[in-house]
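Listed here are the chains, written in short residue letters.
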Amino acid sequence: MSDTFSLTPVELARFFWRQLTSMRTALILLLLLVIMSIPGSVLPQQNTDAFGVSQWIENSPELGSILLALGFFNVFSSLWFSGTYLLLLISLVGCIVPRSFQHYRATRSQPPAAPANFERLTMHDSIESIAPYTEIFNDVAVGLKKKNWRVRTDLTNKYVAAEKGYLREVGNLAFHLAVVGIILSVGIGVLFSYRGQMLVREGTAVASTPTQFTSLTFGTAVSVADLPAVTVKLNKFTAEFERGEVQRGAARVFIADVTLQILTETKDVVIEVNKPLLVEGSKWFLVGHGYAPRVQVKNQLGEVIFSDSVIMLPRDGNFSSEGAIKLPNGENGLGFITAFLPTADFTGQPISIFPSPDNPVLLLSAWQGDLGLDSGVPQNVFSLDVSELDRVGIVSLRPGDVWQLPKNLGSVEFIGVERFVTFDVASSPGAAPALGFSILAIIGLIVGLYVRSRRIWIKQLPDGSYQIGALSRSDQPGLDNDVALVKALYSAAKETN
Amino acid sequence: MDAALISNLSVLTSSIFLTLATYVSFIRLIGSKNPNRFAKISYSLTIVSTIVLAIGVIARGVAADRAPWGNMYEYAIAGTLAVLFVYLIIARRQDISGIAVFVLMPALLSLGLAQTVLYIPVADLVPALKSGWLVIHVASTIIAGGGFSLGFAFAVGQLIAAKSKSKLAEKLPAESQLELLSYRVSAWGFAVWTFAVLAGAIWAEEAWGRFWGWDPKETWALITWIAYAAYLHARVTVGWRGGKAAAIAIVGYLTYLFNFFGVNILFDGLHSYGGL
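As the structure is a computational prediction, the values presented were derived from the model and not from experiment. (Residues numbered from 1 in each chain as written. Chains lettered and ligands numbered in written order. Predicted model: local features only at pLDDT ≥ 70, side-chain atom pairs only at ≥ 80, totals over all residues. Heavy atoms only, no water.)

Quick look at the overall build of chain B
When you go through chain B residue by residue, the secondary structure sums to nine helices and zero strands. Ordered by position from the N terminus, the helices and strands of chain B form the series α-α-α-α-α-α-α-α-α. Computed over its C-alpha atoms, the radius of gyration of chain B comes to 19 Å, within 12% of the 19 Å expected for a compact globule of 276 residues. C-alpha extents for chain B along the principal axes are approximately 55 × 55 × 30 Å. For chain B, with 276 residues in total, the buried portion stands at 59%. Taking all contacts inside chain B whose residues are at least 6 apart in sequence as the whole, residues at least 24 apart take part in 78%. Accessible surface computed for chain B: about 11,100 Å², of which carbon and sulfur atoms make up 70%. (Helix = DSSP H or I, 4+ residues; strand = E, 2+ residues; numbered from the N terminus. Rg over C-alpha atoms; globule rule 2.2 N^0.38 Å. Buried < 20%, exposed > 50% of the residue type's maximum accessible area, 1.4 Å probe, protein only. Contact = heavy atoms within 4.5 Å. Areas by Shrake-Rupley, 256 points an atom, 1.4 Å probe, with all protein chains shown as cover.)

Brief notes about the packing of aromatic side chains
Here the structure, examined in full by the defined rule, presents 34 aromatic pairs over all chains. Aromatic pair A:Tyr291 and A:Phe319: ring centres 6.1 Å apart, planes at 90°, arrangement edge-to-face. Of this pair, A:Tyr291 sits in strand 11 (residues 282–291) while A:Phe319 sits in the loop between strand 14 (313–314) and strand 15 (321–327), and the two are 28 residues apart along the sequence. On the basis of relative accessibility, which here comes to 0%, the residue A:Tyr291 falls in the buried class. On the numbers, 6.2 Å between centres and 85° between planes, the contact of A:Phe340 with A:Phe414 is edge-to-face. Separated by 74 residues along the polypeptide, A:Phe340 in strand 16 (residues 334–341) and A:Phe414 in strand 22 (residues 410–416) bring together distant segments of the chain. Grouping residues by exposure puts A:Phe340 and A:Phe414 together as buried. Grouped by ring-pair contacts, the aromatic residues A:Phe237, A:Phe241, A:Phe254, A:Tyr291, A:Phe319, A:Phe340, A:Phe354 and A:Phe414 constitute a single cluster. Seen from the ring of A:Phe118, A:Lys459 lies directly overhead, with NZ or CZ sitting 4.2 Å from the centre. A cation over an aromatic ring shows up here: B:Lys244 above the ring of B:Trp240, its NZ or CZ 5.2 Å from the ring centre. (Phe/Tyr/Trp six-rings, centres within 6.5 Å; stacked < 30°, edge-to-face > 60°. Lys NZ or Arg CZ within 6 Å of the ring centre and 35° of its normal.)

Regarding the pattern of salt bridges
Within this structure, the stated rule accounts for 20 salt bridges over all chains. With its nearest N and O atoms 3.0 Å apart, the salt bridge here joins A:Asp482 to A:Arg454. Here the residue A:Asp482 occupies a position in helix 10 (residues 479–496), and A:Arg454 occupies one in strand 24 (residues 454–460), the gap between them amounting to 28 residues. Like A:Asp482, the residue A:Arg454 is buried in the burial classification. In this structure, B:Arg60 and B:Glu74 form a salt bridge, with 2.7 Å as the shortest nitrogen-oxygen distance. Taken together, the positions of B:Arg60 in helix 2 (residues 35–64) and B:Glu74 in helix 3 (residues 72–93) put the pair 14 residues apart, joining distant regions of the chain. Both residues of the pair, B:Arg60 and B:Glu74, count as buried. (Salt bridge = Lys/Arg side-chain N within 4 Å of Asp/Glu carboxyl O.)

Regarding the sheet that holds strand 16 of chain A
Residue and element names in this part refer to chain A. If you walk across this open sheet you meet the five strands as 14-15-16-19-20, and the pairing is antiparallel. Strands with a single pairing partner mark the edges of an open sheet, and in this sheet they are strand 14 and strand 20 (390–397). Sheet topology places strand 16 next to strand 19 (residues 361–368); eight bridges connect them, and they run antiparallel. Bridging across to strand 19, Phe-340 finds its partner in Leu-362. (Pairing = 2+ DSSP bridges.)

Side note on the sheet that holds strand 12 (residues 294–298) of chain A
Residue and element names in this part refer to chain A. Ordered by their spatial adjacency, four strands build an open sheet running 13-12-22-21, and the pairing between neighbours is antiparallel. The open sheet terminates on both sides in strands that have one partner only, identified here as strand 13 (304–309) and strand 21 (402–405). Between one strand axis and the next, the sheet turns by 15° as a mean value, whatever way the strands run. Pairing geometry for strand 12 and strand 13, over five bridges, is antiparallel. Paired with Val-295 across the bridge in strand 13 is Asp-308. (Axes fitted to C-alpha atoms, helices over the stretch in contact; angles between N-to-C directions.)

Description of the nonpolar core
Residues and elements named next belong to chain B. Counting 111 residues, the largest nonpolar core has Tyr-87, Leu-150 and Phe-154 as its most contacted members. The element contributing the most residues to this core is helix 3, with 15 residues. When residues no more than four places from it in sequence are discounted, the contact partners of Tyr-87 are Thr-46, Ile-96, Ala-100, Val-103, Leu-104 and Leu-150. (Core = buried A, V, L, I, M, F, W, Y, C linked by side-chain atoms within 4.5 Å.)

Some words on the environment of B:Ala100
All names here are of chain B. As for its position among the elements, Ala-100 is in helix 4 (residues 100–116). Separated by 12 residues in sequence, Ala-100 and Gly-112 have C-alpha atoms that sit 18 Å apart. The residues contacting Ala-100, other than those within four sequence positions of it, are Ser-25 and Tyr-87.

Some words on the interface of chain B and chain A
Contact residues are listed per partner, giving 52 residues for chain B and 49 residues for chain A. Each partner contributes to the roughly 4,200 Å² buried at the junction of chain B and chain A, and carbon and sulfur atoms together form 69% of this total. Run the count over chain B and chain A and you get two salt bridges. Applying the counting criterion to the chain B and chain A interface returns seven residue pairs in polar contact (both at pLDDT 80 or more). If you list the elements that add at least two residues to the side of chain B that touches chain A, you get helix 7 (175–208) and helix 8 (216–234) of chain B. When residues in the side of chain B that touches chain A are grouped by element, the largest group, 16 residues, is from helix 7 of chain B. (Buried area = accessible area lost by both parts, 1.4 Å probe. Polar contact = N/O pair within 3.5 Å; in protein donor to acceptor, adjacent residues only side chain to side chain.)

That is the geometry; function is a separate question.
Written out as structure tokens, the structure is:
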């Protein structure tokens, strides 16, 4: 310990650098990352399940707030997780870069001299016969060179040294550098990426302007101006579900027929689950769908005051859906809490029992009063706050049914079933370089694992006999073939000389 | 007889042969008479079991008219097939009969679980799974999993063989042989796993619009990847070689298993279509 304390700052820094770039440190950092990732999958995470996080904290506020403060609900961007992988990254670079130079020098220098003691090598073999070494060594060297070995002949010390498999370390280094490349691509790519979500009803067109998105996030290096200028019209959405006994109700087919408008050009395209649409550098993914029943509301004079399809958010796998219709009109505003059941079942609580509209029912609960839309407080369009409203009535409608509202408030007609789809619109420019580095990583990995790096020597001992020694620098078998090769070259050389 | 029935009967027949093979390899391990004979019988029974299982997996694919790895049941039988196949290749080249029961017993357990707990009849897939990437991505996780499973069996054997005083250790292959085998199959598994994660990322970009999103399945795939990366480094780090490295390989395998069972059953993520 006293040595450490007497170090100068430079020596101390060098000491820590050496520690950081050692394999042992890298290993411990890797194991730490394993342990640190686990809470990221066990606990709900803010980026994937914000609702789950708030519920978790609600259920156990004390532990929840501590975990929240410590970043356990945002593990993969937390200080401790990022810190660990940044350290690992530095350790990796600090190890790989000097090794790259070292390996470059090794490929330019001669194979290392024969060790004094062959007994300690991976394999060794003796040849008893005595033969003149100059000719033998020349022939062996030529033979090895033909087989792409790098050869050094030392006639003074009476040995031939040969080395092969430099690519192994190249692959190894390429793999590690590629891993760094992947992490950098992802990290930098995030700055240039954006992602939004929009809901489009059948028969309607939506322009990709910020107000049309239900959510929209930008990396720090991009902005609204980078959004593609397109308008998307959903002509028709087709959904089919399993009707057989096995996995009944599971999704089978989703197809969105879309008309795309870029400036003045229009084009009909199809977007499917595994076939996103590429437009102006953005990708459009079909990520969800639901029902948007068409509803018409008339006032007491019989004038149409609302006629449109209404998006209802699915609440379960059979698309029991919920939403709201808000028709503000001062003190005389009308509001509806809506529930849509594509295949309604009333044996218990009203619920949908199949995702297709086999027995569609629209449940409406009507309310009257000041909806408060003018108050300036932003409201959720899918729910209605009824605390200040008067109840009008409740009803269930089938397509074509008309409900005459009590108190002569007008009428509501359920015209028919329509659908909406959810598109994710995303641009992630980091993906391409990350893909390139990933392919490099895999090639490097295979080369680094499977190319055999080995050295072999043949030397003449003072008593005139020969000895072959071979050293494997990988865990691949096949060194015996190399020894056999040198032996064969030796025998051939002995015959001809 | 339809393909689905042929598949089910084949898987059942395969597990009967595998039970016999496991039993015989167990006798080979604990008995003292004629170890070579028992080894040969176990090997032959395993070959039959593997061939019949291959028929079962193929018939399942024919019955479903797609790659036969679309749910947990299919993954388990295809995964077991991968393990047995690689095991046979190694057993052909070198004598590993002493460790056979360490491989066959988990394989049998996997087939048993598949037919009881995980079984579901043939069905079509959800749209998200209908992609050429299903073949590539899932097949590569199955192959990698085969490597990891064998690596696990060899690593456990290695740890037992390292305790040279135990009677069992004498009957196992040498510790160094097991270590090398464990490394080879695990390293192979790691390379294929790397590819599987990449293929998964490309598919995720296509289907969900992002190549990485910390979905539980993705997170655990990364955990497995890091664990095996740690194992490969531990093997060449002074003070970690041997037992400690083997322990990391075992941990790596447990994370792989958890990704299959735990994540599919416990967590609600984008990958939850295991069919349970």
